[in-house]
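Coordinate analysis (summary)
Each chain is listed here by its residues.
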Amino acid sequence: MSCRIVSRWGTGLSGRWLRLVLAAVVAVGCGLVQAGWQVDARRMPVSPSTVVAKAGAALSANAVIPIPLPPWESSKAQAPDEGGLRQIGVARALETMDSADKVARLLQWQSLPSGQQVAALQWLAADAYGLRLGLEFAALPAMAVFRLYASAEASVSYEVTGAALLERLVADAQTGQRTWWTPDVGPTPVLEILLPATVATSSLQWAMPQLSQIVVPPSEAEPMKAAEVAVLAEKRRPNACQGDVNCQESLLDQRDAVIRIFYVNKGRTFQCTATLINNPRQDLTPYVLTAAHCVSDQAAASTLQTSWFHYSQSCDSSQLFSGHTEMYGAARWLASSSANDMTLLQLNEPPPAGALFAGWDATALLPGTAVAGLHHPHGDLMMFAAGTAEDDSACTVNNVSGRLDCSAQTQNDGGFYHVRWSQGGIEGGSSGSALFVNGRLTATLTGGDLWCAATDGRVVYGRLDQALASFAVWLGAEVAVNSDMQLPVYRFQVLRSGGEFYTLSVQERDTVIAVFPNDLVFDGIAFYAADRAHARLVPVHRYFNPEVVAHFYTTSDAERQFVQTYHPTWNYDGIAWWSPAQPGNGATPVYRAYQYVPGVHHYSVQTQASERWRADAGLLYDGLAYYVWDAP
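Residues numbered from 1 in each chain as written. Predicted model: local features only at pLDDT ≥ 70, side-chain atom pairs only at ≥ 80, totals over all residues. Heavy atoms only, no water.

**So, the side chain of Gln248**
The condition that has to hold: Secondary structure elements follow DSSP: runs of H or I no shorter than four residues count as helices, runs of E no shorter than two count as strands, and numbering proceeds from the N terminus. Note on exposure labels: buried denotes an accessible area under 20% of the residue type's maximum, exposed denotes more than 50%, and partly exposed covers the range between, all computed with a 1.4 Å probe on protein chains only. Each polar contact in these results corresponds to two N or O atoms within 3.5 Å; when the atoms are within protein, one needs to be able to donate a hydrogen and the other to accept it, and residues that are neighboring in sequence are counted only if both atoms are side-chain atoms.
One can find Gln248 in the loop between strand 15 (243-244) and strand 16 (258-265). Take Gln248: its relative accessible area is 11%, and that puts it in the buried class. Side chain to side chain, Gln248 and Ser250 meet in a polar contact 2.8 Å long.

Written out as structure tokens, the structure reads:
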């Protein structure tokens with residue numbers, strides 16, 4: 001067993017300035033990287049360093065502009081399940097907001113005491129279970145902050161910056177626009193937009209030609225309109241066909257790895273199941289496996305909303321577990337294996353404390369192997385199914401029609417396992433869920449017969465042993481070690497001192513944008529570096545000078561000793577990132593200069609800047625500071 005120290009950043013406030021304190025957590029109980037193709041599970045530590053605590057922020061805007069929606073057609077109150085996919089939301093056109101000009105006329109900007117500008121809108125849909133808003137950005141300032149509330153009286157439930165959206169959302173190849181589908185926080189969402197005083201409101205241009213209205217409850221554990229109960233009951237199987245995950249003992253740990261996911265496709269909202277998995281590095285990178293017919297590109301991954309610990313409070317209880325958690329940070333699409341209907345994602349935010357990174361086994365299953373599945377049938381509380389893997393199947397999945405075609409005659413080394421249940425079964429919403437053998441994930445559900453086990457239905461799962469070749473960059477035992485060395489380092493201009501502030505932390509970037517909108521200006525990505533120690537890398541240390549509100553970055557032990565001796569009031573923030581120890585392989589130098597007044601350092605990868613600094617009598621040119629990667 002090999003354990004490593006996992007570092008997370010905690011935040012502290014010193015006056016009006018944000019500084020970071022490095023909190024090191026020793027990751028105990030590290031999993032083993034087994035011989036062959038097995039990886040053991042690992043639990044997300046329950047530690048302050050891994051818990052993101054967001055303080056509730058009350059609505060800042062004095063006026064909220066209402067946007068009432070007319071009732072949805074009763075004939076469309078029930079969304080159809082297509083090809084095994086569970087659809088819970090329909091697309092609705094919104095003519096009143098289908099252009100940037102119309103939206104600009106709706107927004108009523110106000111000034112806050114802080115100098116920020118704020119505007120807020122509220123959508124009202126009496127016949128909806130929830131709404132997901134489709135904002136199409138033609139222009140999006142990085143310093144914009146968006147807050148989404150369930151109502152005007154609620155505390156903030158989700159906050160995101162323009163910088164995060166610019167990185168997360170894919171620009172349309174023809175129009176250049178980026179579409180953000182907000183999380184579903186209920187049928188009366190309030191969207192509040194904040195801009196720094198220095199950013200013109202005209203620099204934000206967006207339209208909302210459509211939204212996605214949730215027309216069926218996300219699960220049967222949630223309230224349902226009486227008029228729809230009879231209609232929905234006709235589509236459901238008897239409860240006897242499903243087994244509560246808490247009524248068995250073999251996979252109680254694994255239930256904390258299974259996730260209920262929601263995503264938007266062409267304005268329609270769907271629900272599937274996914275699983276958080278471990279990797280050979282044991283580094284808590286939140287990789288998630290699901291079906292490719294659920295999520296197969298970045299456009300869908302950018303709309304991902306996740307439900308964690310969505311199971312019963314106890315065996316056969318209809319009460320949702322009190323520790324369940326909703327997360328809205330979406331995901332990065334990494335790769336899909338169409339031959340096995342499997343997709344690998346990486347979540348944009350850490351999973352909640354206590355989540356399990358499931359172990360996996362990428363060796364081929366033998367016929368007759370006992371298997372079990374954990375899933376969210378029809379979005380319900382987590383259920384358990386058990387049976388045997390019978391043989392291989394050659395199948396094709398049409399992601400447009402949702403049609404699943406498997407050859408009548410089984411083939412050796414087919415891309416899917418044929419599973420026959422002896423207990424439980426699957427339904428719409430189960431797609432993408434994990435098949436476990438001895439507690440390890442071996443496959444993900446594609447589809448099959450939605451019948452009780454007694455009716456001898458046929459179910460197929462995509463094989464991880466074959467799909468692993470598509471995911472080797474992230475899950476391979478050797479290549480994975482270097483797969484995330486080049487991460488973006490973000491730069492801010494500090495208005496008070498004229499210096500620059502750099503951070504590799506996305507969380508810190510977004511906190512600075514939200515908390516100091518009129519004090520710092522976000523410049524985007526400055527260069528690339530690593531977030532962990534590795535061969536041929538050196539640490540870059542960060543200090544904060546509170547007297548002039550400036551940061552100092554160095555790799556030199558001699559400079560660190562100088563700061564500690566002659567500048568004891570400077571705060572040491574810890575290791576900011578790791579950089580190449582020498583040039584080559586794409587590494588480029590960062591130059592540094594000291595400005596006598598007000599007493600700040602400047603950094604640049606541009607040779608022209610270093611030449612200009614040499615000729616400036618007000619600067620002391622320091623020369624090479626360290627190396628970075630100029631591009632990933």
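**Quick look at the sheet that holds strand 36 (residues 537-545)**
Just so we agree on the cut-off: When DSSP finds two or more bridges between a pair of strands, those strands are recorded as paired. Note on geometry: axes are C-alpha line fits, over the in-contact stretch for helices, and angles between N-to-C directions span 0 to 180 degrees.
Pairing is antiparallel across the open sheet formed by 3 strands, whose spatial order is 37-36-38. The sheet terminates laterally at strand 37 (550-554) and strand 38 (571-580), the two strands that pair on one side only. When the angles between neighbouring strand axes are averaged without regard to direction, this sheet yields 25 degrees. In the sheet, strand 36 pairs with strand 38 via 8 bridges, with the strands oriented antiparallel. Bridge pairing in strand 38 places Pro539 opposite Trp578.

**Section: the state of the cysteines**
Definition in use: For this text, the term disulfide refers to a pair of cysteine sulfurs within 2.5 Å.
According to the stated counting rule, one finds 2 disulfides in the structure shown. In this model, Cys247 is linked to Cys315 through a disulfide, with the two sulfur atoms separated by 1.9 Å. Note on the Cys247 and Cys315 pair: the S-S dihedral is about 105 degrees, so by sign convention the disulfide is right-handed. You can see Cys247 sitting in the loop between strand 15 and strand 16 and its partner Cys315 sitting in the loop between strand 19 (305-308) and strand 20 (325-327), a full 68 residues away along the chain. By relative accessible area, Cys315 is classed as partly exposed at 41%.

**Let's talk about the packing of aromatic side chains**
Filter applied, for reference: Between 30 and 60 degrees the pair is tilted, below 30 it is stacked and above 60 it is edge-to-face, where a pair is any two Phe, Tyr or Trp rings, Trp via its six-membered ring, whose centres lie within 6.5 Å. Note on criteria: charge over ring means Lys NZ or Arg CZ within 6 Å of the ring centre, with the direction from the centre no more than 35 degrees off the ring normal.
According to the stated counting rule, one finds 20 aromatic pairs in the structure shown. Ring pairing ties together the aromatic residues Tyr502, Phe527, Tyr553, Trp577, Tyr603 and Tyr626, which thus form one cluster. Lying over the aromatic face of Tyr311, Arg255 brings its terminal NZ or CZ to 4.4 Å of the ring centre. Above the ring of Tyr490, the side-chain terminus of Arg509 is found at 4.7 Å from the ring centroid.

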